[in-house]
Amino acid sequence: MTNFLTDAQAYLPILLRGAATTVGIAFCALVIATLFGLVLALMRYSGNPILSWTSRSFVNVVRGIPILVQLFYIYFVLPDWGIDLTAFQAGAIGLGLAYSCYMAENFRAGLEAVDNGQIEAAQSIGMGWGLTMRRVILPQAFRTVLPPYGNTMIMLLKDTSQASVITVAEMTFQAKMLAASTFENLTVYTLVAGLYLTLSVPLFILASWLERRFGKK
Amino acid sequence: MIDIHALHKSYGDLEVLKGIDLTVKKGEVVCLIGASGSGKSTLLRCVNGLEVYQGGAIRVDERLVEAERKSIRDIRTRVTMVFQRFNLFPHRTALQNVTEGPIYVKGEPRAEAEAYGRELLARMGLADKADVYPDRLSGGQQQRVAIARALAMRPEAILFDEPTSALDPELVGEVLAAMRQLAEEGMTMLVVTHEMGFAKEVADRVLFMHGGLILEEGPAAQVLGNPQHERTRDFLSRILEHG
């Protein structure tokens, strides 16, 4: 036990540096996934056949490819076409795009849960598509979407560990390096598990606060 | 003010309106009656551009109603609609429901829109409900908020699509009273209804629809009291039997 504590004291700073990268990449990916996911969902919902088809195809293609393969593709293949990204950028964009598809499906479920009569009521007082979305549909869809959104957010945080395979120095990457050089697998991975859990807790709290504040009564 | 000429509307192969001619003059109250499936709601929805039509023309103040053109938005601010299922915005208070259109569609200053909104709610007997959300209102109260919302656009006419059909029987009266008051104030109204008492008392004209056509029309007393067409008589006797 004393061993564990001294080791932990030595490893923790390194792991915390990794944790900072984990949070950074998760945050960037979440912003990308939320914004792009919303765009995809609105395209699908718009009723325009071209936009709807484009969105559906994108979602199905990206959903059908493992995140690891997508990350390899962005980091190792895109440079051949002149698109050179740092490991962090590739990780954030890759995870962001992959998760935009899950987000799009969450948002679409929320949009479609809004009663059609709401659209007609908005139209009947002269609202156009943009205003109907902004003032009537999205605020109602937002409430329905909160629980799955919170869930996806937590999944995204944990999936940042996959970015370790393209050398992003996030927490799992640091842990692998530490474990490989010290052979203290138990200490290192126990610490890492604890740290991921610690990072998730604020998200649990945020998700349930959002639901209480804005969700359906 | 509303001119409908040779209107045809189909859903795929099913023709639901087979040539409707109808003119509603300013200040007139016209009631559409008929069995469900006769096309009366569809007719109303075509006037508001909620449905596209395949033949004929609908004009509001000489302007052609085209559901897929932007001009429809302007027409909708002049001819608003009250729905069977109220369709209030559940995430906004009664007052916000009423001021939503004036503020965000017409760009009225908030203070002005809210003052007029409160006045309209008061006229609907809902002065004390301004800050209440729809889920705390009875069906009758919700429908009166919906009428206030339609009025807030300062429309020239209002379309009512079976406004009392989704209400508990004891709540029908309060909504009809509000509509009667509007009629007395000279509002142009096109009303799809099963309330024969209301039609008889308030309507300037009653139209009986059957199978996508207007079979009979005339003053309320005539159509309801002394119907000429056999199908009208048949329909009215069935309605009256069931109270």
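Just above, that's the structure.
Residues numbered from 1 in each chain as written. Chains lettered and ligands numbered in written order. Predicted model: local features only at pLDDT ≥ 70, side-chain atom pairs only at ≥ 80, totals over all residues. Heavy atoms only, no water.

Peer 1: Explain the overall build of chain A to me, please; I cannot follow it from the model alone.
Peer 2: Counting secondary structure elements, chain A contains eight helices and zero strands. Overall, the C-alpha framework of chain A stretches about 70 × 45 × 20 Å when taken along its three principal axes. Taking contacts inside chain A between residues at least 6 apart in sequence as the whole, the part at least 24 apart equals 78%. Summed over its atoms, the accessible surface of chain A is roughly 10,900 Å², and 68% of this surface lies on carbon and sulfur atoms. Computed over 14 positive and 11 negative side-chain charges, the separation of the two mean positions in chain A equals 12 Å. (Helix = DSSP H or I, 4+ residues; strand = E, 2+ residues; numbered from the N terminus. Contact = heavy atoms within 4.5 Å. Areas by Shrake-Rupley, 256 points an atom, 1.4 Å probe, with all protein chains shown as cover. Lys, Arg positive; Asp, Glu negative; His and termini not counted. Charge placed at Lys NZ, Arg CZ, Asp CG, Glu CD.)

Peer 1: What's the story with a nonpolar patch on the surface in this structure? I'm lost.
Peer 2: A contiguous nonpolar surface patch, about 490 Å² in accessible area, is contributed by Val61, Ile65, Leu68, Val69, Phe72 and Phe76 of chain A. For the nonpolar patch, the element with the highest residue contribution is helix α3 (residues 67-77) of chain A, accounting for four residues. (Patch = residues over 30% accessible without salt bridge, like charges linked within 9 Å, V, L, I, M, F, W, Y side chains within 5 Å. Salt bridge = Lys/Arg side-chain N within 4 Å of Asp/Glu carboxyl O.)

Peer 1: For this particular structure, what's the right way to read the environment of Thr42 of chain B?
Peer 2: Residues and elements named next belong to chain B. Note that Thr42 resides in helix α1 (residues 40-47). When its relative accessible area of 13% is taken as the criterion, Thr42 is described as buried. Separated by 111 residues in the primary sequence, Thr42 and Met153 have C-alpha atoms spaced 23 Å apart. Apart from the residues within four sequence positions on either side, Thr42 is in contact with Lys9, Tyr11, Val16 and Leu17. (Buried < 20%, exposed > 50% of the residue type's maximum accessible area, 1.4 Å probe, protein only.)

Peer 1: When you look at helix α6 (residues 129-159) of chain A in this model, what are you seeing that I'm missing?
Peer 2: Residues spaced three or four apart along an α-helix face the same direction, because each turn holds 3.6 residues. Taking 1.5 Å of rise per residue, the 31 residues of α6 of chain A would be expected to cover 45 Å, yet its terminal C-alpha atoms sit only 36 Å apart, more than 12% below that figure. Where α6 of chain A bends most, at Val145 of chain A, the angle is about 50°, and the proline Pro147 of chain A comes one to four residues later. (Expected span 1.5 Å × (residues − 1). Bend = angle between axes of the 7 residues up to and from the residue.)

Peer 1: I tried to follow the pairing of strand β9 (residues 205-210) of chain B on my own but got confused; where do I start?
Peer 2: Each regular strand displays side chains that alternate between the two surfaces of the sheet. All names here are of chain B. Of all the six residues making up β9, five are buried; the element is thus mostly covered by neighbouring parts of the structure. In terms of strand pairing, strand β3 (residues 29-33) meets β9 through four bridges, oriented parallel. In the strand pairing of β9, Leu32 is matched with Leu207. Pairing of β9 with strand β10 (residues 213-218), which is carried by five bridges, proceeds in the antiparallel orientation. Bridging from a neighbouring strand, His210 pairs with Leu213 of β10. Here β9 folds back onto β10, and the loop between the two strands holds two residues, one of which, Gly211, carries a positive phi near 55°. (Pairing = 2+ DSSP bridges.)

Peer 1: Looking at this model, I keep getting lost on the layout of surface pockets. Mind explaining?
Peer 2: Picture a little ball the size of a water molecule; that probe, rolled over the atoms, points out where space is still empty. Taken as a whole, the largest pocket encloses approximately 510 Å³ of empty space. Considering the residues around the largest pocket, the lining is formed by 22 residues, among which Ile119, Gln123 and Trp129 of chain A together with Ala67 and Arg76 of chain B are closest to the centre. For the lining of the largest pocket, a count of residues per class yields nine nonpolar, six polar and seven charged. (1 Å grid on protein atoms, 1.4 Å probe; cavity = no way out; pocket = protein on both sides within 12 Å on 5 of 7 lines; lining within 4 Å. Points joined across faces, edges and corners; volume = space filled by probe spheres on them. Nonpolar A, V, L, I, M, F, W, Y, C, P; charged D, E, K, R; others polar.)

Peer 1: Mind showing me how you'd approach the sheet that holds strand β7 (residues 157-161) of chain B here?
Peer 2: Remark on secondary structure: sheet strands pair via backbone hydrogen bonds, oriented parallel or antiparallel. All names here are of chain B. What the six strands build is an open sheet, ordered β6-β7-β8-β3-β9-β10; its pairing is mixed. Two strands in the sheet have a free side with no partner beyond their single neighbour: β6 (79-82) and β10. Strand-to-strand twist across the sheet, computed as the mean angle between neighbouring axes with direction ignored, equals 20°. The pairing of β6 with β7 spans four bridges and is classified as parallel. From the neighbouring strand, Met81 faces β7, where its bridge partner is Leu159. Sitting on the sheet, helix α6 (residues 169-184) is in contact with β3, β7 and β8 (188-192), with an inclination near 145° to β8. (Axes fitted to C-alpha atoms, helices over the stretch in contact; angles between N-to-C directions.)

Peer 1: Explain the interface of chain B and chain A here, please?
Peer 2: Where interface size is given, it is often the accessible area lost as the parts come together that is meant. In this assembly, 24 residues from chain B lie in contact with 20 residues from chain A. Across the chain B to chain A interface the summed buried area is about 1,900 Å²; carbon plus sulfur atoms make up 54%. Area buried by chain B at its contact with chain A is led by Phe89, His91 and Tyr104 of chain B, which between them contribute 27% of it. Where chain B packs against chain A, one counts three salt bridges. For Arg85 of chain B, the salt bridge is made with Asp115 of chain A, and the minimal N-O distance between the two is 3.4 Å. The interface formed by chain B and chain A includes eight residue pairs in polar contact (both at pLDDT 80 or more). Elements with a contribution of two residues or more to the side of chain B that touches chain A: α2 (71-78), β6 and α3 (94-104) of chain B. Partitioned by chemical class, the residues of the side of chain B that touches chain A number ten nonpolar, six polar and eight charged. (Buried area = accessible area lost by both parts, 1.4 Å probe. Polar contact = N/O pair within 3.5 Å; in protein donor to acceptor, adjacent residues only side chain to side chain.)

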